[in-house]
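Structural overview
Below are the chains, spelled out letter by letter.
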Amino acid sequence: MKRQLMAMFGIAALAASVAGCGSGARSAQDGATKAADPKEMTGTVTVWLMNDAQTSWPELVQRVNDDFAAKYPKVTLKLAYQEWTQKVAKLDGALEQGAAPDVVELGNTETMKYILNGSLAPVDKASFDNADNWIRGLVNTCTYQDKLFCVPYYAGARVGIYNSAMFQQATGVADLPQNEDEMRAALDKVADKNKADKTFSALYLPGPYWYAAMSYVAAYGGAIARFDSAGNWHGTLNDPKSQQGVQHFVDLVQKYNHNDLTVNESGQATVLARKRAAVLYGNGWEAGSAVAPVTGDPTLKDAVKVATMPGPGGKPLPSFIGGSDLAVTAKSPVRDLAADWIRMFTSTKSEQFLADKDILPNNLSQLEALKSKPATAAAANAVPDAWFTPLAPGWGAIEKQNVLVNMLNSIFKGKSVDQATKEADALINQLINNPA
């Protein structure tokens, strides 16, 4: 998933599997020199971080690298920044060739693939700062069969992003209403104010936007799939509560989206920037894209704002938990050195650095202060109760085969919600229990 970040928004537990990393003890398999004194250890630690860190918090990276060098002066650290669009292919190739990095950043939807194929080392949660207070959704992305395979790094959540000037002009109030019924009444007024533009969408919800659709499913207490008492996953989109959520999403799309319903959400910030929409539901960074010089319209800087997205039943719309995790690869010859670098990079001090830049930290304690800051409140308040995709062996295949996207597209082409969800469940049941 795309993880571009802006400093104004926030948008993975790893310890050595051998004893005594902090004290300098070494495992027999570790390629670093055995030594009691960290200053006498040797070896090379290769780290792959995504380019978000390079562009948005390079000072943190440099400080941690300096601290690591001071603790391990004879250890070589090699850092490489990766692009989200290329990282998975590069990592797969490196793993196949036996040239994988020792530390790798993974998007939280990427972790299960690498856990299941044995590419990540299991880790000891207790040796990391704030481990008992990590955000539950991020911990879940690192956990399989009660073992932890990565360290939460930062979090993210989707929010309502809106043109406050349009609301002011149409309703006399610039804020996005925080009750869905009130929001819909305001959207109707905004739509009427802009009715001359037949492509204008008061609420721009793309038809194939399955992250949004599943947020409405979660709002009704439904789920994509559940783990049963027999030890298997099975699809639950055809369950009544899930169907209610899907229908709610469909109704909103059909009423308010006046664009091509087959177009996905990747360009929705541009729609907002071109004043073809008043509200969208997206990642916080999309607000920045909408007003950036190249990707958007800088004249909208004061008009584009973020707020909690209201959902059904007078409650906020549950958000998909976004973010990144950090892991040590299973065949790393320097596992405990790699783990110590991650330990430094996700320490309380490091996470506070991120929080000070309005990036959502990996733990609830440091997240708390961001719940009241205007720039981060919407996302920070959405994170504790956010939902995540099923932590199942075959989830990667479900995404790869576009099961949810195809389900939604079929509904907008005329298939009933009942039939579409029944067919989606059948496909999910074929895939979900088999490693992708």
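Model, not experiment: these values are computed from the prediction. (Residues numbered from 1 in each chain as written. Predicted model: local features only at pLDDT ≥ 70, side-chain atom pairs only at ≥ 80, totals over all residues. Heavy atoms only, no water.)

For the protein, the helix and strand inventory stands at 18 helices and 13 strands. The C-alpha radius of gyration of the protein comes to 23 Å, within 12% of the 22 Å expected for a compact globule of 436 residues. Taken along the three principal axes of its C-alpha coordinates, the protein extends 75 × 50 × 35 Å. Treating the 41 positive side-chain charges of the protein as one cloud and the 44 negative ones as another, the clouds have centres 2 Å apart. (Helix = DSSP H or I, 4+ residues; strand = E, 2+ residues; numbered from the N terminus. Rg over C-alpha atoms; globule rule 2.2 N^0.38 Å. Lys, Arg positive; Asp, Glu negative; His and termini not counted. Charge placed at Lys NZ, Arg CZ, Asp CG, Glu CD.)

This next bit is on the sheet that holds strand β8 (residues 201–204). Overall, mixed pairing links the 4 strands, which are arranged β8-β11-β7-β12 in an open sheet. Bordering the open sheet on either side are β8 and β12 (304–307), each of which pairs with just one other strand. Within the sheet, the average angular offset between the axes of one strand and its neighbour, ignoring direction, is 20°. (Pairing = 2+ DSSP bridges. Axes fitted to C-alpha atoms, helices over the stretch in contact; angles between N-to-C directions.)

Right, let's talk about the pairing of strand β13 (residues 322–328) for a bit. For β13, the tally of buried residues reaches 7 of 7 residues, placing the bulk of the element in the interior. Every second residue of β13 is oriented toward a common face, with Gly-322, Ser-324, Leu-326 and Val-328 on one face and Gly-323, Asp-325 and Ala-327 on the other, all of them buried. Alignment of strand β3 (residues 103–107) against β13, held across 5 bridges, turns out to be antiparallel. Paired with Val-104 across the two strands is Ala-327, which belongs to β13. Of the strand pairs in this sheet, strand β6 (residues 151–156) and β13 are connected by 5 bridges, and their pairing is antiparallel. Residue Gly-156 lies in a different strand from β13, and its bridge partner there is Gly-322. (Buried < 20%, exposed > 50% of the residue type's maximum accessible area, 1.4 Å probe, protein only.)

For the coordinates displayed, the defined rule picks out 1 disulfide. Shown here is the disulfide that connects Cys-142 with Cys-150, its sulfur atoms set 2.0 Å apart. Looking down the S-S bond of the Cys-142 and Cys-150 bridge, the torsion is -110°, so its handedness is left-handed. With respect to burial, Cys-142 and Cys-150 carry one shared label: buried. (Disulfide = S-S within 2.5 Å.)

Glancing now at the environment of Asp-302. With respect to the helices and strands, Asp-302 occurs in the loop between α11 (285–291) and β12. Along the sequence, Asp-302 and Leu-203 sit 99 residues apart, while their C-alpha atoms lie 20 Å from each other.

Negative phi characterises most residues that are not glycine, and trans characterises most peptide bonds. With phi around 65°, Asp-146 is a residue other than glycine that occupies positive phi space. Here Asp-146 lies in the loop between β4 (143–144) and β5 (147–148). Despite not being glycine, Asp-358 shows a phi value in the positive range, around 65°. For Asp-358, the location among the structural elements is in the loop between α13 (348–356) and α14 (364–367). The exposure class assigned to Asp-358 is buried, which follows from its relative accessible area of 12%.

Right, let's get into the pattern of salt bridges. Applying the stated rule across the entire model yields 13 salt bridges. In this structure, Arg-63 and Asp-67 form a salt bridge, with 3.8 Å as the shortest nitrogen-oxygen distance. Taken together, the residues Arg-63 and Asp-67, both in helix α2 (residues 58–71) and 4 residues apart, mark about one turn of the helix. For Lys-422, the salt bridge goes to Asp-418, with nearest N and O atoms at 4.0 Å. With Lys-422 and Asp-418 both in helix α18 (residues 417–431), this residue pair falls 4 residues apart, about one helical turn. Look at Lys-422 and you get partly exposed, because its relative accessible area is 42%. When salt bridges that share partners are traced, they join Lys-71, Asp-340 and Arg-343 into one network. (Salt bridge = Lys/Arg side-chain N within 4 Å of Asp/Glu carboxyl O.)

Moving on to the packing of α2 against helix α12 (residues 335–345). For the pair α2 and α12, interaxial distance at closest approach is 10 Å and the crossing angle is 135°. On the basis of the axis angle, α2 is oblique to α12. Here α2 and α12 pass one another in a crossing that is right-handed. Contacts from Leu-60, Val-61, Arg-63, Val-64, Asn-65, Asp-67, Phe-68 and Lys-71 of α2 reach α12 at Leu-337, Asp-340, Trp-341, Met-344 and Phe-345. Split into classes, the residues belonging to the contact of α2 with α12 amount to 8 nonpolar, 1 polar and 4 charged. (Parallel < 35°, antiparallel > 145°, perpendicular 65-115°, else oblique. Left-handed = near helix turned anticlockwise from the far one by under 90°. Contact = heavy atoms within 4.5 Å. Nonpolar A, V, L, I, M, F, W, Y, C, P; charged D, E, K, R; others polar.)

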